[in-house]
Every structure is written in structure tokens, then in C-alpha cells.
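Working through the structure, step by step
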Amino acid sequence: MPSPPEILIARCDVLNAAADPNYRQTMRCGRHTMLADERVARGGADAGPMPFEYLLSALGSCTSITLRMYAERKGWDLGAVTISLALHRAQEGDRIERRVTMSATLTAERQAKLAEICEKTPVTLALKSGVSIRTTVASAGP
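Residues numbered from 1 in each chain as written. Predicted model: local features only at pLDDT ≥ 70, side-chain atom pairs only at ≥ 80, totals over all residues. Heavy atoms only, no water.

1. Observations concerning the state of the cysteines
Between two cysteines, a covalent bond joining their sulfur atoms is known as a disulfide. Put simply, the test is: The disulfide criterion is simple: two cysteine sulfur atoms within 2.5 Å. Under the scheme used here, helices are H or I runs from DSSP no shorter than 4 residues and strands are E runs no shorter than 2 residues, and both carry numbers assigned from the N terminus.
By the definition in use, this model includes one disulfide. Residue pairing for Cys12: its cysteine sulfur links by disulfide to Cys29, the two sulfurs lying 2.0 Å apart. Between Cys12 and Cys29, the S-S dihedral sits near 120 degrees, and the bridge is therefore right-handed. Of the two residues, Cys12 is situated in the segment before β1 (13-15) and Cys29 in strand β2 (residues 25-29); the sequence distance between them amounts to 17 residues.

In C-alpha cells:
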């Protein structure tokens, strides 16, 4: 049986123009433009979040969106949803801590179900699977 066709989920272009200071990167994703940079202490100009902060933001926003979608289908009120994330690097490997807080009062059963849903968000699954990366390097010159 043939495998299902690949589906393009997202596409972004990253540009570091010759005129950009140090490590500043301009990212274009669809009609959105964002900046990434490193902190001054790391040689950047702190013009935008660091790349790992974008990674955490992707995980946090996907978690919040997925929880909202699930709660809407169930008719549950979550109130305000806050996702706090931290990336820790240690000799035994990287670890992300994710804390999810809802302003609404929820039963222990609903909290447990939402914790289960957090582990199934698309970005969570991609990170846990260790996404394969294929790189091609090209040059404009001869």
C-alpha cells in the first residue's frame, strides 16, 4: 500500500541582509514579517526574540490553540490560558518545561484530560518525534 502524500504544513523564508547588523534575521511567514536576533551578550543587537524563544513560542501558542479548540468542542470554559515555557540544556539532553494555567476553576478530571491533550498538540508531537531535517546549500555565484 503506498504511503500517503506529504502535506506542506508551513513555509518561512529567513533573510540576513548584508546591511543587517550582526545576527539579526528577518523572517517572512506568509504575510507576516518577524525579527530574530541574539542578545547583546551573545554578539547580537537584541532586535527580536532569540531562535529558541521562537521555538518555545511555537510550542506555547500551539498548546493554547489546541486546548481552546478542544474546550470549545466540549463546551468547557477555560477562562484565560497562560502557557509558561523554559528550555533547559544539560549534559543528559535538552528538556522543555511547560506550565499551563487556566483562570477558570476546573475539576481534577478535566485538568487530567487537558494535560493529556497538551501531550498531543501538533508541535509537541513534532518536537518529540525528532523531525527529520533535509538541508540543501546553494550559492548565487559561479
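2. Considerations on the packing of aromatic side chains
Filter applied, for reference: Only Phe, Tyr and Trp rings are paired, with Trp represented by its six-membered ring, and only when their centres lie within 6.5 Å; those with planes under 30 degrees apart are stacked, over 60 edge-to-face, the remainder tilted. The buried label applies to any residue whose accessible area, calculated with a 1.4 Å probe on protein chains only, is under 20% of its type's maximum; exposed applies above 50%, and partly exposed to all values in between.
Applying the stated criterion across every chain yields a total of one aromatic pair. Here the aromatic rings of Tyr70 and Trp76 are separated by 5.6 Å at their centres, their planes lie at 80 degrees, and the arrangement is edge-to-face. Owing to a relative accessible area of 16%, Trp76 belongs among the buried residues under this scheme.

3. Thoughts on the nonpolar core
As a reminder, the rule being used: Here the nonpolar core consists of buried residues drawn from Ala, Val, Leu, Ile, Met, Phe, Trp, Tyr and Cys, with membership extended through side-chain atoms lying within 4.5 Å. We call two residues in contact when some of their heavy atoms are within 4.5 Å.
One finds Leu67, Tyr70, Ala71, Trp76, Leu78, Val81, Ile83, Met102, Leu106, Leu114, Ile117 and Cys118 forming the largest nonpolar core, which totals twelve residues. Sorting the residues of this core by element identifies α1 (51-74), β4 (81-90) and α2 (108-118) as the ones contributing at least two each. With residues up to four places along the chain from it excluded, the contact list for Leu114 reads Leu67, Tyr70, Trp76, Leu78, Met102 and Leu106.

4. What about the confidence of the model for the protein chain?
Our working definition: A residue's pLDDT is simply how confident the predictor is in it, with values from 0 to 100.
Per-residue pLDDT for the protein chain has a mean of 91; in total, 96% of the residues score no lower than 70. The spread of mean pLDDT over the elements of the protein chain runs between β1, the lowest at 82, and α2, the highest at 98.

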